[in-house]
Amino acid sequence: MTRRSLIKKMLMAIAAALCAWPVIGFIMPVRYRPPRKVLIREKLPKGSFLIEPEFVLFASETGPVAVSRTCTHLGCTVSFDETRKQFICPCHQSMFHWNGKYISGPAQKDLPRFEVKTSEDGKGYVVLI
Amino acid sequence: MRIEKTGEIATAALLISALSGFLLAYQYEVAEPFISATAIETVIPFGAFWRSVHFWSSQAFFLVLILHIWQCTGSMDRFCRHRKGRIHWTVVSLTLPLAMYALFTGYVLRFDGTGQAAGKIAEHLLLNVPIAGSMLDRMLMATSTEGLNRVYTVHILFTALCWGLGTWYHTRRVIVGRKIFLYTLTAVVITGVLIHAPIDLPGQNLHLIKGPWFFLGIQELLRHMAPITAGIIFPMIPLAIVALFPWLRKRSGIYSALAIWSSVYIIATVVTLAR
């Protein structure tokens, strides 16, 4: 490779990087989105639960618990098996207890929980996602 | 079948896929993907027909493209005697991952149970790529923050790139004879009328989702191996081999490597199917 062709290639690489910069700079930023509030308009009796698209809300002995339905392995939405009181991932069959504790499968980590508050009128819950 | 013929069929199938895709875009709504996909399938006149045509022409393009590449490997010495020919091969071989990704995003865009799971898995796999993971996710998926906006954009962009690479770059013209186009169109339309494009009903697969047919092997491997190994490195092997084919010396070794890889993938696919 001659010095001339090397310089030409280097200049082309710099030009390519300069062209890529505004493209990547435009694509990369994530717009800020505040945490979403999901309002549940009913009080659950102790021991019962409510399945929502993004979490399952349990009225446990110690208070309301919202367990995320996003699998900690690769993000699939886990299903709740009502008879066994367990979460099962339909993609790779990871399993979790009702409270999100990991049991088996490739996930290895517990399901996260969301913050739950009593709604302002006291007749339901607000879950912060 | 001659190499030129498979290339022509692949181009015809891609043309039908792109045209039916543009038509579907008139009724598809990226903000409400599953509702609009279901409406196209069930309510809108000819919706199910156009979905099927789009689905089967895309499958045909992908499969015939693989056949075309496979045929071309046998005539490698004719195409890649010079460095320019080898570079041409490597650039054109990009159509394979582009087509695969366009096909995959097609499953994600219908956003049923399978599509949602496929999108989430793909996003996590991209994020697992060291260093460039976040950038790749922002460019190709980003479903968790952007919904399906970027998936839809990339779906159309990659189809257009496949068209550009296959015609403008590869053959310098659009080589599709009227006969081949009509045969391909007839085959796709008949298949489309007889077999509907799949869509899952809500709650249909709560405990077991089986991904797109070409993803089943990866799905099984993801149960046993780290995401980066099963979801990124392993599928990259045949793509890299195809791209670098003319640059590699020991051709028999390459065929053996492809055969071993295919065997592992087929076994993994069968295991997932049997679940």
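The structure contained in this document is the topic of the report that follows. (Residues numbered from 1 in each chain as written. Chains lettered and ligands numbered in written order. Predicted model: local features only at pLDDT ≥ 70, side-chain atom pairs only at ≥ 80, totals over all residues. Heavy atoms only, no water.)

Residues and elements named next belong to chain B. Here Ala-122 is to be found in helix α7 (residues 113–127). With relative accessibility at 9%, the residue Ala-122 sits in the buried group. Taking the C-alpha atoms as reference, Ala-122 lies 13 Å from Met-100; in sequence the two are 22 residues apart. Ignoring any residue separated from it by four or fewer positions in sequence, one finds Ala-122 in contact with Phe-104 and Met-141. (Helix = DSSP H or I, 4+ residues; strand = E, 2+ residues; numbered from the N terminus. Buried < 20%, exposed > 50% of the residue type's maximum accessible area, 1.4 Å probe, protein only. Contact = heavy atoms within 4.5 Å.)

Contact with chain A, which involves 20 residues of that partner, is made by 23 residues of chain B. Taken together, the two surfaces of chain A and chain B that pack against each other cover about 1,900 Å², and 59% of this comes from carbon and sulfur. Where chain A touches chain B, the interface holds two salt bridges. Where Glu-146 of chain B meets Arg-33 of chain A, a salt bridge forms, and the shortest distance between an N and an O atom there is 3.3 Å. For the pair chain A and chain B, the number of links is 14 residue pairs in polar contact (both at pLDDT 80 or more). Its residues assigned to classes, the side of chain A that touches chain B comprises twelve nonpolar, six polar and two charged. (Buried area = accessible area lost by both parts, 1.4 Å probe. Salt bridge = Lys/Arg side-chain N within 4 Å of Asp/Glu carboxyl O. Polar contact = N/O pair within 3.5 Å; in protein donor to acceptor, adjacent residues only side chain to side chain. Nonpolar A, V, L, I, M, F, W, Y, C, P; charged D, E, K, R; others polar.)

Attention now goes to the packing of aromatic side chains. Following the criterion strictly, the structure yields 26 aromatic pairs over all chains and no others. Note on Phe-49 of chain A and Phe-80 of chain A: the rings are 5.0 Å apart at their centroids and 70° apart in plane angle, and the pair reads as edge-to-face. Within this pair, whereas Phe-49 of chain A is found in strand β2 (residues 49–51), its partner Phe-80 of chain A is found in strand β5 (residues 79–81), the two being separated by 31 residues in sequence. Relative to Tyr-265 of chain B, the ring of Trp-261 of chain B lies with its centre 5.0 Å away and its plane at 5°, an arrangement referred to as stacked. Here Trp-261 of chain B and its partner Tyr-265 of chain B are both found in helix α14 (residues 251–274), four residues apart, which amounts to about one turn of the helix. We note that Trp-261 of chain B, like Tyr-265 of chain B, is buried. Among the aromatic residues, ring-to-ring pairing joins Phe-55, Trp-56, Phe-62, Tyr-107, Trp-213 and Phe-214 of chain B into one connected group. (Phe/Tyr/Trp six-rings, centres within 6.5 Å; stacked < 30°, edge-to-face > 60°.)

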